Every structure is written in structure tokens, then in C-alpha cells.
Amino acid sequence: MNLDELKAARSRKKLKPLPIPDKELCDRYMEVFTAAVNDVLREKGLLHQTLPSGIAPLQDDMKLCGIAFTVKGSKNLTLESEMEQRAKMLEAIEEGAVVIWDTSGDDESAQWGEVMTMASQRRGCRGAVVDGGVRDTNKVLELGFPVFCKYRTSNGMLGRFRMIDWQIPVMIGNVFIYPGDLIFADIDGVIVVPREMAYDVLLKAEYIKENEKEIKQMILDGLTPTEVVQKGGYF
């Protein structure tokens, strides 16, 4: 059995430089919207880049974009060195990151809270996406830190859940996420853009945003839907 291709596909990818700095890339994504990005990815044949719809913002107006810092964990009762492990993970977060948690389907614990928010903010983290729970919700909201999650609970991780590793390829729903991919989220959910195409996708999403201004103006001018389509518009 030759597993070399599979191993290569599942290994951490070497981060390639993009035509613009990561910060500029993320700031420009913040000016578009997930639906436009999704449409561009669909044109490229990528139909499964959105995380499960149950992962939603703590507040509807939350929006975030950053570079994936992946964390993998699962239900686990062991306690030894758990806090030390958690501290090392937080110290590994880089500026511009979005911490994204693959919890192996956990439905009980909060993987994120106020103190983690404070520590990650000091590292320059831009937000968190958790396929699991958040606690200290009111405090996280006061800190103005964008968080997308499945549920809220007072249950801490200790004695219920622990990390396995970080900065490794993970999978949430049907989406593979590699460290360095672009994470973009707004009220319509969370989308993952493979790093190697993040700049090209941005350019096309920016075009869609501008083009839709013309389509909306056609409607305001009284054109029928058929006339809009005949002029190159869409719905």
C-alpha cells in the first residue's frame, strides 16, 4: 500500500507568500461579503468550503477575516499538564490569526472564554471560530472580539475536553482547513478560502461587489427581472 499521496495531502502545507501582505488581504476581504466569496469559489469548482450552518456569530453584526490557526481536540477526562498545554497553544498564536477549533463534534464543553480572548488579543489575534462552545459570553462581547460558535455553556474544558494538537490540518463538517488558509465570516456563516487562491478569489469578489451595485440600480430604475438578466444581471 502506497500512502505517499495521501500523506502529502494531509500534511501541513508550506505557507507561500501572496502578492500582497496578509494584513492587507484580510482588510480587503472585510470590505466584501461571504456570499460573493462563495460564488467565486463555486466558479472554481469548490462547493464545500462553508462550515456547518450551526456555527454562528455571538452577535449578528460580527465579522472577521484572518489566517487560520488550527486547534484539534476531543472529549477527554485526563487532567495532567492540561493547563500547560493550553498556555503553549496560546503563546503560538501569531498576529493576524483566527483561531479555529475542530472539537471532534463535542457538544458539552466551552473551548473559548474571556481569559483566552484576552490572551489571544494580546497576540494580535483577529477572532475565533469554534465548532463547539463558548462561555463568559458577556465578557467576550465587552472585549469586542468576534467569535463564531455552535453553542454557549458554562462548562469549562478541564476534565471534559482537551486539545490534541495545534497548527495541523483539521476538518470541520466537509471542509478541510490547513494552517495558513484564509478564514472569512459574517452573518451568513464561515467560509474557508485555500491560501493559494485567496488573492485571486478576493479580486473576483471585489468585482462582484461593484457589479452588484449596477444590478441594484437597474432594479431601482424599474427594469423587470427579465430585462436585468438580458443586460447581464442576475438574482
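What you see is a predicted model, and the numbers here were worked out from it, not measured in a lab. (Residues numbered from 1 in each chain as written. Predicted model: local features only at pLDDT ≥ 70, side-chain atom pairs only at ≥ 80, totals over all residues. Heavy atoms only, no water.)

**Q** Describe in detail the nonpolar core, supporting the description with residues and values.
**A** Core analysis: the biggest nonpolar cluster contains 40 residues, and L51, M89, W101, W112, V129, I177 and I183 have the highest contact counts within it. Of the residues forming this core, the biggest block, five residues, is contributed by strand β3 (residues 97–102). Residues within four places of M89 in sequence aside, it is in contact with F69, V71, W101, M116, M163 and W166. The next biggest cluster of nonpolar side chains, apart from the first, holds 22 residues, and it includes L18, V32, C65 and I208. (Core = buried A, V, L, I, M, F, W, Y, C linked by side-chain atoms within 4.5 Å. Buried < 20%, exposed > 50% of the residue type's maximum accessible area, 1.4 Å probe, protein only. Helix = DSSP H or I, 4+ residues; strand = E, 2+ residues; numbered from the N terminus. Contact = heavy atoms within 4.5 Å.)

**Q** Tell me about the side chain of R162, and please be specific about residues and values.
**A** You can see R162 is positioned in strand β7 (residues 161–166). Buried within the structure, R162 lacks any salt-bridge partner; E82 is the closest side chain of opposite charge, at an N-O distance of 5.7 Å. Separated by 3.1 Å, the side chains of R162 and T78 make a polar contact. (Lys, Arg positive; Asp, Glu negative; His and termini not counted. Salt bridge = Lys/Arg side-chain N within 4 Å of Asp/Glu carboxyl O. Polar contact = N/O pair within 3.5 Å; in protein donor to acceptor, adjacent residues only side chain to side chain.)

**Q** Outline the packing of aromatic side chains, supporting the account with residue identities and numerical values.
**A** Evaluated as defined, the whole model comprises three aromatic pairs. Taking 5.6 Å as the distance between ring centres and 65° as the angle between the ring planes, the aromatic pair formed by Y29 and F184 counts as edge-to-face. Note that Y29 is positioned in helix α2 (residues 22–29) and F184 in strand β10 (residues 182–186), a separation of 155 residues in sequence. (Phe/Tyr/Trp six-rings, centres within 6.5 Å; stacked < 30°, edge-to-face > 60°.)

**Q** Pulling in residues and values, what's your account of the pattern of salt bridges?
**A** Scanning all chains against the criterion turns up 14 salt bridges. A salt bridge links D131 to K150, with the shortest nitrogen-to-oxygen separation between them at 3.6 Å. Of this pair, D131 sits in strand β5 (residues 127–134) while K150 sits in strand β6 (residues 147–152), placing them 19 residues apart in sequence. Residue class for D131 comes out buried when judged on its relative accessible area of 9%. Put simply, K23, D27 and R126 are held in one network by salt bridges that share partners.

**Q** Hey, could you go over the packing of helix α3 (residues 34–43) against helix α7 (residues 198–220) for me, with residue numbers and the actual values?
**A** In contact at an axis separation of 9 Å, α3 and α7 are set at 120° when each is read in the N-to-C sense. With respect to α7, the axis of α3 lies oblique. In the crossing of α3 with α7, the sense of the turn from one axis to the other is right-handed. Only V201, K204, A205 and I208 of α7 make contact with α3, whose side of the interface consists of A36, V37, D39, V40 and L41. Partitioned by chemical class, the residues of the contact of α3 with α7 number seven nonpolar, no polar and two charged. (Axes fitted to C-alpha atoms, helices over the stretch in contact; angles between N-to-C directions. Parallel < 35°, antiparallel > 145°, perpendicular 65-115°, else oblique. Left-handed = near helix turned anticlockwise from the far one by under 90°. Nonpolar A, V, L, I, M, F, W, Y, C, P; charged D, E, K, R; others polar.)

**Q** Lay out unusual backbone geometry in plain terms, naming residues and giving numbers.
**A** Of note in this structure, S104 is not a glycine but carries a positive phi near 60°. Positioned with a positive phi, Q167 is a non-glycine residue whose angle comes to about 55°. Along the chain, the position of Q167 falls in the loop between β7 and β8 (170–172).

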